[in-house]
Every structure is written in C-alpha cells, then in structure tokens.
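The primary structure of each chain is shown beneath.
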Amino acid sequence: MSAATDNHFLWTSLGLVDPLEARICGRLPRGGITGISIDTRTLGEGELFFAIRGANSDGHDYVAAAFEKGAVAAVVDEAHADALRPLGPLYVVTDVLAALERLGTAARARSAARIAAVTGSVGKTSTKEALRLVLTQAGASHASIASYNNHWGVPLSLARMPKDTRFGVFEIGMNHKGEITPLTAMVRPHVAIITTIAPVHLEYFDSLDEIADAKAEIFSGLVPGGVAIINRDLPQYERLLVHAKASSAGHVASFGEHENADARLTNVAVGIDHSVVEATICGQQLTYRLGVPGRHFAINALAVLLAAKAFGVDLEVAARTLAFSSPQPGRGERLLLPAEGGPYTLIDESYNANPASVRAALALVGALPVHTSGRRIAILGDMLELGRGGAAMHAELAGDIAANHIDLVFAAGPLTKHLFEALPCKLQGAWRDQASELVPIVGAAVQSGDMVIVKGSNAIRMSAIVDALKQRAAAKNFPGAVTC
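Calculation criteria
Position labels on residues start from 1 in each chain and follow its written sequence. Residue-level local features of this predicted model are given only where pLDDT is at least 70; pairs of side-chain atoms are given and counted only at 80 or more, and the full residue set underlies all totals for whole chains, interfaces and linings. Each side-chain value is worked out from all heavy atoms of the structure, with water and hydrogens disregarded. Paired strands, as defined in this entry, are two strands with at least two bridges between them according to DSSP. What counts as a helix is a DSSP run of H or I of at least four residues, what counts as a strand is a run of E of at least two, and both are numbered from the N terminus. Angles here are taken between N-to-C directions and fall from 0 to 180 degrees, while the axes themselves are lines fitted to C-alpha atoms, restricted in helices to the stretch in contact. We call two residues in contact whenever any of their non-hydrogen atoms come within 4.5 Å of each other. Here, nonpolar core means buried Ala, Val, Leu, Ile, Met, Phe, Trp, Tyr and Cys residues that are tied together by side-chain atoms lying within 4.5 Å of each other. For the exposure calls, accessible area comes from a 1.4 Å probe over protein chains only, and a residue counts as buried if that area is under 20% of its type's maximum, exposed if over 50%, partly exposed in between. Here the arc refers to the directions that run from the helix axis out to each C-beta atom. Consider the strands pointing away from the viewer: the crossover is right-handed when the path from the first strand over the helix to the second runs clockwise. For classification purposes, angles smaller than 35 degrees are called roughly parallel, those larger than 145 roughly antiparallel, those between 65 and 115 roughly perpendicular, and all remaining angles oblique. Whether a crossing is left-handed or right-handed is set by the direction in which the near helix is turned from the far one by less than a right angle, anticlockwise for left-handed and clockwise for right-handed.

Engineer: Before we move on, could you go through the sheet that holds strand E5 (residues 47-50) and cite the residues and values that matter?
Structural biologist: Spatially, the five strands line up as an open sheet ordered E2-E7-E6-E5-E4, and their pairing is mixed. At either end of the open sheet lies a strand with only one pairing partner, and these are strand E2 (23-25) and strand E4 (35-37). Within this sheet the neighbouring strands show an average axis-to-axis angle of 25°, counted without direction. When strand E6 (residues 73-77) meets strand E7 (residues 90-93), the two strands line up parallel, connected through four bridges. When the sheet's bridge partners are listed, Val76 is paired in E7 with Val92.

This is how it looks when you write it as structure tokens:
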C-alpha cells in the first residue's frame, strides 16, 4: 500500500522512535522505511516488521524470516529483545500492538487528509473500495486493504498512510459492543458511513437494536462538524439518527430507496456484469453505470456519492468513475469457466455470509439472465455467529431460493441442513457436513450455461469449492471455452 522512492520514506528511522516509545537496539536503518508489515508472507524489502502476538502465533517467532525477506528493522517486546538482538536492528517496546496503535495515531495526527470511515453489518469492504476508487480520481488516496478492520487492522492501515495523502478511507468492524469506539477514535473521520444493520454476530447481541447501537459507535470519532451517513431504509434509522445527532456531526445525510433519502435510488437495471442506476443525489438527478451487478451494490454506491460530495468531489465525475468498480475475490467476483459444450458462470461470494448478504446474493442470481440450457445453482455454507436463532434463519432462506428461481442447491455445514431439509426434493442437490466433501459432487454437477453462486461464512471454507472449480477448469482443455 505504501511505496517509496529513494528520497521519500513512509517513516524516517528517527521519526519512528517517539510514536513507538521505543529504545533502539542495533544500528538504525539508513534513511527510513518504505512500508509496514505484520506478516512475513507478504513483507516487502525495506519494510518494518511488527512482531504482533496473535491468538494462534507469535510474531517474534518470525523475526528471523522477516530479516531474511528484506525487513530493515523489527519492532519487538522487551522479553524477546536480547534473543533477537543478533538478527538485525530492533525497536524495543513494552507491547508491540500498543506500539502499532501509537504509530497509527501518529500517522493520523500528521496527516491533513480528509478521512472517511465505513462500517455496517454487510457491504463494508465493497463500499470502502468503491469510495477509494472515486477519491483516487480526485487526489492521492489511501485505503485499508482487504478487510483490515479490527484492533490490529485499523492501526496498521493508519500507520501505512503516507504523510501527503489527500483522502483516506478506513473500514471498521466489530464483533462485540465497545470495539468500534477506540478504532474510530484513532481514525477520527470527517465522514462516517453505516451501510446496513443485519443479524450478524447475534451470538453476542440480544437484538438488532443492540447491533445498531454498536455500529453507531463510529459516530463518536467524528471530527467536529463531520458528516454522518446512514441508510434511510433501515428499521433502525431513527435509532442511528439519535446517535449521530448526539455526536460531533455537523450534518447527517441519508441514502436508500426511501422517499426522504438525501441520495435516493429511483431505478436500477441489473446486467450480467454491471448495473445501470438512476438516482437523485441532493436534488441532482443522475444516471450512471456501476461496474458491479446488484441492487444492494447500487444502494451502497449512493453512500459513496454522498461521501464524495462531502469531500468536494464533483458528483457527475464521481458517478462516472463508478463504472470502473469491480467485485472483489470472494465478494462477488465473476468467473466464466469452461465446461463440456461451453462455459458456465461462477460467482464467488465465498468470503463471508449472513442472512442479509445471502438474500442479496440470491436476489442477484435471480435477476441475472441464464442461458436457455442453464440452471441457477446455489452452493451455500453455514452462516455463523447467529446465536440461538441460527437454525431457523437458515431454514427461512428456502423462501428466497424459491422466489429467485434457484434450480438446484448444494449445502455444507450443520446449520445448512435445516435449509436443505426445508427445500423441495427437486431442488436438493446434496448436503454434506464439510465444504470439502462437496467438491467432487459439485464438480460433476455443473454444466454449460449454468450460473453458480458459492457463499458461506469464511470459517466454513467455501473457497475450497471455488478453488476446486477453477483448478478443474484449468486442468481441462475445452475447445472454444473462455476463462476470465
């Protein structure tokens, strides 16, 4: 995310000492660092390695590997400093994660960038990416990568922000009450967006209202006079509005299909690889192409345009830029894979799932045209962290499957068995306890012209099915097939 030239470093060597509250062990790297890493698998030459202690591993065990891959220094704790001293230059701190948090806070303090923060039960990453794309057209922009939205992802993303950044976009997530408050305090956004409220992490909350309250913590970090952007279609809108008005926000804007929304979706036509959107944004009528298909993406794009407007970006320019948006791997990426007789379409939604996002995915498949010889096939994995109502929430999806003309369902995980058993026999492809057990069954079932969607919570590893279908396609040589 943060490249540097010979004359420009992300952080100078001496400039790191104060925010890290570190003592130096060994000779400091000449000049400074070009980037920051917590993972030796992706670490680049010239970067600073933070030896973060995680739930399953300790970064101190990988300091040697970090230096071998080109790290110029490492941040380690006092307990490991003596043992690691021979490996290379060290910044020695009391607590490595706390040091990363301080560096993130320092990066925010030194920057004059206009900052946006995005949260919500669904759509955080795609909204963040669309906003990053729009803002990049207006100036040097920086955004958190992937879903770096937790207690280490947010400070890491902040610490990677170059000093001359003009716009910053940060994703903020949570599993429990109180987790967003310290993260938004670090980010201190000028604009804070809540995409939606859905039954996600209900294992840790008693109601959707409690989830709304937790998401609304994002407004507590708004700089004085900032803008709060809320989905007007939500049943919890008034509750979120109360939180926004109690914050430092100087303005509240809304988006959705509601007639009173500041950014209102008036029509959307969904194509195989795009959407054509008609909307009214603060009184201005716009028609534009969105580079991803789906009504849910079209609605969240309204929040993107409101944020762009708040930052002074021309609305028409911002709307035209959305044509270049694209779905991310695991979050709607569309692949055309070869099969006997011709290709089929695979929609990869394997990164995560909850009732709202599964319904949106099924609605998308139902809205897209299918070849006359093809079928709509849903391959679904368990939706996790739903609490005691999880079984019923899975079974209720049977109605969505029928409404969206799904022809065949394959399911993986104990909870999806409740859905599978609620389906008519003609729709039952196969159910298995593990996603990996579906791989050969699905591979044998897909045919030319089919539209196949794969979705489930990340821990269920539905991505294994996507990977297997890709590998199967690569291993065969079907005449005239196209892979994209």
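What follows picks up the thread again.
Engineer: Just give me the short version of the side chain of Gln236, but keep the residues and values in it.
Structural biologist: For Gln236, the position within the fold is in the loop between strand E12 (227-231) and helix H9 (237-245). Gln236 has contacts with Ile197, Leu208, Asp209 and Ala212, leaving out every residue within four places of it along the chain.

Engineer: Go over the sheet that holds strand E15 (residues 275-281) with me, naming the residues and quoting the values.
Structural biologist: Pairing is mixed across the open sheet formed by nine strands, whose spatial order is E9-E10-E8-E11-E12-E13-E14-E15-E16. This sheet does not close on itself; its edge strands, each paired only once, are strand E9 (141-143) and strand E16 (284-290). Recorded for the sheet is a direction-independent mean angle of 20° between the axes of neighbouring strands. Bridge count between strand E8 (residues 114-119) and strand E11 (residues 191-194): four bridges; the pairing is parallel. Pairing of Thr119 across the sheet is with Ile194, part of E11. Of the strands in this sheet, E8, E11, E12, strand E13 (251-256), strand E14 (263-270), E15 and E16 are in contact with helix H10 (residues 295-310), which crosses E14 at around 140°.

Engineer: Describe the nonpolar core, and please don't skip the residues or the numbers.
Structural biologist: Among the nonpolar cores identified, the biggest contains 56 residues, and Ile172, Val187, Ile218, Phe219, Leu240 and Ile401 are the most heavily contacted of them. The element best represented in this core is helix H12 (residues 355-367), accounting for five residues. Leaving out residues up to four positions away in the same chain, Ile172 has contacts with Ala117, Val118, Thr119, Lys124, Asn149, Val154, Ile180, Leu183, Thr184, Val187 and Ile218. Val134, Leu135, Phe255 and Leu322 belong to the second largest nonpolar core, which has 42 residues in total.

Engineer: Give a detailed account of H9, specifying residues and quantitative values.
Structural biologist: Considered for burial, the residues of H9 that qualify are Tyr237, Leu240, Leu241 and Ala244. Along the long axis of H9, the arc covered by the buried residues comes to 105°, so they all point the same way. As for H9, its buried residues are in contact with E11, helix H8 (208-215), E12 and E13.

Engineer: Explain the pairing of E6 to me, and be specific about the residues and the numbers.
Structural biologist: Most of E6 is tucked away: five of the five residues are buried. Side chains Ala73, Val75 and Asp77 of E6 all project onto a buried face; the interleaved residues Ala74 and Val76 project onto the opposite face, where all are buried too. Since E5 and E6 lie parallel, the crossover through helix H2 (residues 63-68) that links them has a hand, and here it is right-handed. Each parallel crossover has a hand, and the one from E6 via helix H3 (residues 78-84) to E7 is right-handed.

Engineer: Lay out the packing of helix H5 (residues 124-136) against H10 with the relevant residues and their values.
Structural biologist: Across the interface, H5 lies against H10 with an axial gap of 9 Å and an inter-helix angle of 45°. As far as their axial angle goes, H10 and H5 are oblique. Crossing geometry of H5 relative to H10 is assigned as right-handed. Residues Ser126, Thr127, Ala130, Leu131 and Val134 of H5 form the contact with H10, whose own contacting residues are Phe297, Asn300, Val304, Ala307 and Ala308.

Engineer: Residue-level account of the environment of Gly88, with values.
Structural biologist: For Gly88, the location among the structural elements is in the loop between H3 and E7. By relative accessible area, Gly88 is classed as buried at 16%. Setting aside residues no more than four positions away along its own chain, Gly88 makes contact with Cys25 and Phe67.

Engineer: Which residues make up helix H7 (residues 180-187), and what values do they have?
Structural biologist: Looking at H7, one finds that the buried residues are Ile180, Leu183, Thr184, Met186 and Val187. An end-on view of H7 places all buried positions within 155° of arc, on one side of the element. Turning to H7, the residues buried within the fold contact helix H4 (96-110), E8, helix H6 (153-159), strand E10 (167-171) and H8. Of the residues one or two after H7, Arg188 is the one with positive phi, at around 45°.

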